[in-house]
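Structure at a glance
Here is how the chains run, residue by residue.
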Amino acid sequence: MFDALSDRLEEAWKKLRGQDKISESNIKDALKEVRRALLEADVNLQVIKDFIAEVETKAMGAEVISGVRPDQQFIEIVYEQLLDVMGEANVPLASNPTKPTIVLMAGLQGAGKTTATAKLALALRKEDRSCLLVATDVYRPAAIDQLNALGKQIGVPVFDLGTDAKPVEIARQGVERARAEGVDTVIIDTAGRLQIDETLMGELAEIKRTVNPDEVLLVIDAMIGQEAANLTRTFHEQIGLTGAILTKLDGDTRGGAALSVRKISGQPIKFVGVGEKVEALQPFYPDRMASRILGMGDVLTLVEKAREEIDLSDAEELQEKILEARFDFSDFLKQMRMLKNMGSLTGIMKLIPGMGKMIDDEKMKEGEKQLKKRRL
Ligand SMILES: Nc1nc2c(ncn2[C@@H]2O[C@H](COP(=O)(O)OP(=O)(O)OP(=O)(O)O)[C@@H](O)[C@H]2O)c(=O)[nH]1
Ligand SMILES: [Mg+2]
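Residues numbered from 1 in each chain as written. Chains lettered and ligands numbered in written order. Predicted model: local features only at pLDDT ≥ 70, side-chain atom pairs only at ≥ 80, totals over all residues. Heavy atoms only, no water.

**A look at the packing of helix H8 (residues 198–211) against helix H9 (residues 227–238)**
Two packed helices can be described by the angle between their axes and the distance between those axes. This is how the line gets drawn: Comment: axis = line fitted to C-alpha atoms, over the contacting stretch for helices; angle = value between 0 and 180 degrees taken between N-to-C directions. Where helices and strands are cited, they refer to DSSP runs of H or I of at least four residues and of E of at least two residues respectively, numbered from the N terminus. Angles are sorted into four bins: roughly parallel if under 35 degrees, roughly antiparallel if over 145, roughly perpendicular if 65 to 115, and oblique for all others. Any pair of residues with heavy atoms lying within 4.5 Å of one another is described as a contacting pair. We call Asp, Glu, Lys and Arg charged. Ala, Val, Leu, Ile, Met, Phe, Trp, Tyr, Cys and Pro are nonpolar, and the rest, Gly among them, are polar.
For the pair H8 and H9, the least separation of the axes is 10 Å and the interaxial angle reads 50°. In terms of axis orientation, H8 runs oblique to H9. Between H8 and H9, the contacting residues are Met201, Leu204 and Ala205 on the first element and Thr234, Phe235 and Gln238 on the second. The residue makeup of the contact of H8 with H9, split by class, is 4 nonpolar, 2 polar and no charged.

Listed below in structure tokens is the structure:
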């Protein structure tokens, strides 16, 4: 995921490396790379424009911190901006204190609504929240069977009225049943749309008016790229969303959709789908996604780790010693110990941008063994 984006951003960092501070001229190239990276990741143009403008303003206004390189400072600014767009923290699924919590799934055909319905039920069951699934897709042949089969697989009951009933009626009765049985959460699976279809949108809006859901989740295929912005806007304007589930993040997708959804609707992505299996659902964590987008391994962790372990005055003294050619064996020993304190060599290497791909596990293990042999 996000490979193209990370590669591009790495180019941007390279351009800033070796500069002693952020300036209008040296940031230009870096910003250009960020823009190109986001374009390649299929992020919506307007979203990119706003993003770049914000990053530029923040970067130009940034104080120069001694000891922090401008490329690192720039990374932090881009990272913070990604968080700004995607949201600071994970937003969990709503829980209505007067049961049941009602969740309405919406989205285009094949986005993964039915699968996500089952995945969500399984995740909730693990939190001891009982579920009822409601099958309102009376249009696609076998859609009801599909949900029934999934329900059976995860041991969660499914409510349906066959294909002759009206979706709105099925939803209404399904919620009634859930209420009567004291079920914690009822998840309503709906029919897909090939594209924005007035009739089906109207039907979705009617279901919403009838059952008054706590959550309206847009299920959105991460592969959709640029289109995510329009889709989110239309669904949000016509139905009103409370959040989204981004599916198929396990595939070869560029993930630009992740940036658009929150930016356009103001609503958070709550979960991500990472496979076809019913277990393949994860909470959406904006910070993890941002690190991943940056493709920096986890630079922030590395910087923190280094700050913890490295005594700055020690480091300065060492630097002087090296410059004056006074660096001796005990200094070398000290450095090796410090490195060891930071954890396994492989672990540290993986945190370094671009290193992940280059690590030869066998060689690293051998190197580590050598370090240990020296009993530092
Ligand atoms: N790789 C992968 N495949 C997924 C994911 N979510 C769903 N799928 C697959 O996508 C296809 C469509 O999923 P459905 O859940 O049937 O999609 P839907 O939105 O209900 O489709 P309609 O009912 O036709 O509108 C299925 O083959 C799923 O197995 C995911 O996170 N990763
Ligand atoms: Mg379906």
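**Some details on the pattern of salt bridges**
Defined as follows: Salt-bridge detection follows one rule: a side-chain nitrogen of Lys or Arg within 4 Å of a carboxyl oxygen of Asp or Glu. For every residue, the accessible area obtained with a 1.4 Å probe (protein chains only) is divided by the maximum for its type, and the residue is called buried under 20%, exposed over 50%, and partly exposed between those limits.
Scanning the model with the defined rule gives 10 salt bridges in all. The closest approach of N and O atoms between Arg172 and Glu176, which form a salt bridge, is 2.9 Å. Placement of both Arg172 and Glu176 in helix H7 (residues 167–180) is noted, with a separation of 4 residues, approximately one turn of the helix. Look at Arg172 and you get partly exposed, because its relative accessible area is 32%.

**Some points on the sheet that holds strand S4 (residues 185–189)**
Selection rule: Any two strands between which DSSP finds at least two bridges are classified as paired.
Reading across the sheet, the 8 strands line up as S3-S2-S4-S1-S5-S6-S7-S8 and stay open at both edges, with mixed pairing between neighbours. Two strands in the sheet have a free side with no partner beyond their single neighbour: strand S3 (158–159) and strand S8 (281–283). In this sheet, S4 lies alongside strand S1 (residues 101–106) in parallel orientation, the contact comprising 4 bridges. Bridged to Ile102 within S4 is Val186. Sheet contacts for helix H6 (residues 143–154): strand S2 (131–135), S3 and S4; angle to S2, the most-contacted strand, approximately 165°.

**Regarding the site of ligand 1**
Just so we agree on the cut-off: Nearness is judged by heavy atoms alone; a residue qualifies as near a molecule or strand once a single heavy atom is within 4 Å of it. Any pair of N or O atoms that falls within 3.5 Å is considered a polar contact. Within protein, one atom must be able to donate a hydrogen and the other to accept it, and sequence-neighbouring residues count only if both atoms are side-chain atoms.
Neighbouring residues of ligand 1: 19 residues in total, closest Gly112, Lys113, Thr114, Thr115 and Asp250. Within the backbone of Gly112, an N or O atom sits 2.9 Å from an oxygen atom of ligand 1. One nitrogen or oxygen atom from the side chain of Gln146 is found 3.0 Å from an oxygen atom belonging to ligand 1. Broken down by element, the shell around ligand 1 gets its largest block of residues, 4 residues, from helix H5 (residues 113–126). In terms of residue class, the shell around ligand 1 is built from 3 nonpolar, 9 polar and 7 charged.

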